[in-house]
Structures are given as structure tokens and as C-alpha cells.
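Secondary and tertiary structure notes
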Amino acid sequence: MDTTIENANDLGVLLLVSSSGGHLAQLLALRPWYERWGRCWVTFDTPEAVSLLAGEEMVRAHHPTTRNVPNLLRNTILAWRVLRSRRVAAVVTTGAGVAVPFVLLARLLRVPTVYIEVYDRIDTATLTARLCRPFLSAMLVQWDEQRRQYPEATVVGTLL
């Protein structure tokens, strides 16, 4: 996306989706890129996330997500509501499980989807990336070595 556009907010908001902790930290490292855009964050309601996103619009996702089908269903309903209630320019995510319903539904709604593989998974693909991959507009990785798992990916360098 071109952040040189004068009225970036006219194009809609960036929906930045991640679990809390390291996934959120990696998205926060993109601040110089996204700061001119309107944005909405989707993450877990943890003290750390609430503190880091003070002053930002934040939608609280349901957790835990690992092997938790009820929360997958809750987050799917949440994704539908969020994507239908906002003009979303793109969904950008670093994972983990909370990203899956947002990426799938965004793709169905023809909203561009961008996945950034986390920096600490160099030799194997994450489950979330494998699930989201068929529905992505762009796959980004932080290390050249990660292209063994994702040959179509663009290397953007480390975020942290």
C-alpha cells in the first residue's frame, strides 16, 4: 500500500490483527509505516496489550485460541462484525490463531490481506501461516531463510 497518499484515511482503516505479546510487538514495530493511516487493532484483552495500545482503537478478541473451537467461532463472529462495520483498506497480521478468521473473511469480502511471518520461525512454517496462506494477497517474511517455506514471499527484514 502506498503511504504517500495525501488522504490515506479516505481509503479506509488498516485492521492490524495479532495475538498479544511478541506478535503484537512485531506489528507495533511497523509504526513508521502505518502511523499515517487510520487503524483498528484486534488483539487480546491483556494488561500489556491495553497499555501498549493506549489511545488506539482496539477490539478485544477472544482467547485462548490454540485448539479452542468455541473461541474460534467467537472470533469468526467478531471478524464478521468488525469487517462489516468498518471500511477496511487491508488486514495486516503477524498471527497467531486469532488471525485465521479475519484473513479468511477479509478475503471473501475482497479486502487485501497481508501476513508477516514472525521472526523466530526460520526453519518451519507456523500453523497460522499455513492456514492463512491460500487467502493472502501478500506474504512477507523477515529472513531470507524463511523463503524456503514461502518461495512467493517478499523479504522485508527483521521488525525487532
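In this text the structure is predicted, and so the values were computed from the model without any measurement. (Residues numbered from 1 in each chain as written. Predicted model: local features only at pLDDT ≥ 70, side-chain atom pairs only at ≥ 80, totals over all residues. Heavy atoms only, no water.)

It is worth spelling out a nonpolar patch on the surface at this point. Together, Tyr-119, Trp-143 and Leu-160 make up an exposed nonpolar region whose accessible area comes to about 290 Å². Assignment of secondary structure puts Leu-160 in the segment after strand S7 (154-155). (Patch = residues over 30% accessible without salt bridge, like charges linked within 9 Å, V, L, I, M, F, W, Y side chains within 5 Å. Areas by Shrake-Rupley, 256 points an atom, 1.4 Å probe, with all protein chains shown as cover. Salt bridge = Lys/Arg side-chain N within 4 Å of Asp/Glu carboxyl O. Helix = DSSP H or I, 4+ residues; strand = E, 2+ residues; numbered from the N terminus.)

Okay, helix H5 (residues 99-108) next. Among the ten residues in H5, seven count as buried, and that is most of the element. Taken as a whole, H5 has its buried residues at Ala-99, Val-100, Pro-101, Phe-102, Val-103, Leu-105 and Ala-106. Here the buried face of H5 lies against strand S1 (13-18), strand S2 (39-44), helix H4 (69-85), strand S4 (88-95), strand S5 (113-116) and helix H6 (127-132). A positive backbone phi angle near 65 degrees is found at Arg-110, which sits one or two residues after H5. (Buried < 20%, exposed > 50% of the residue type's maximum accessible area, 1.4 Å probe, protein only. Contact = heavy atoms within 4.5 Å.)

What follows concerns the sheet that holds S7. One open sheet accounts for seven strands, arranged S3-S2-S1-S4-S5-S6-S7; its pairing is parallel. Looking at strand neighbours, the two that pair on one side only are strand S3 (58-61) and S7, the edges of this open sheet. In this structure, S2 lies alongside S3, joined through four bridges in parallel fashion. Opposite Thr-43, over in S3, you have Arg-60 as the bridge partner. Contacts from H4 reach S1, S3 and S4 within the one sheet, and its direction differs from that of S3 by about 160 degrees. Running at roughly 150 degrees to S4, H5 makes contact with S1, S2, S4 and S5 of the sheet. (Pairing = 2+ DSSP bridges. Axes fitted to C-alpha atoms, helices over the stretch in contact; angles between N-to-C directions.)

All right, on to the packing of aromatic side chains then. Applying the stated rule across the entire model yields one aromatic pair. When the centroid spacing of 5.5 Å and the interplanar angle of 85 degrees are considered together, the rings of Tyr-34 and Trp-41 count as edge-to-face. Across this residue pair, the class does not change: Tyr-34 and Trp-41 are buried. (Phe/Tyr/Trp six-rings, centres within 6.5 Å; stacked < 30°, edge-to-face > 60°.)

Angle between the axes and distance between the axes: these two values describe a pair of packed helices. Here H4 crosses H5 at 40 degrees, and the two axes come no closer than 8 Å. Classed by the angle they form, the pair H4 and H5 counts as oblique. In this structure, the crossing between H4 and H5 has a hand that is right-handed. Between H4 and H5, the residues in contact are Leu-72, Asn-75, Thr-76, Leu-78, Ala-79, Trp-80, Val-82 and Leu-83 and Pro-101, Phe-102, Leu-105 and Ala-106, respectively. Per-class residue counts for the contact of H4 with H5 are ten nonpolar, two polar and no charged. (Parallel < 35°, antiparallel > 145°, perpendicular 65-115°, else oblique. Left-handed = near helix turned anticlockwise from the far one by under 90°. Nonpolar A, V, L, I, M, F, W, Y, C, P; charged D, E, K, R; others polar.)

Everything listed here is a matter of geometry and, on its own, says nothing about what the molecule does.
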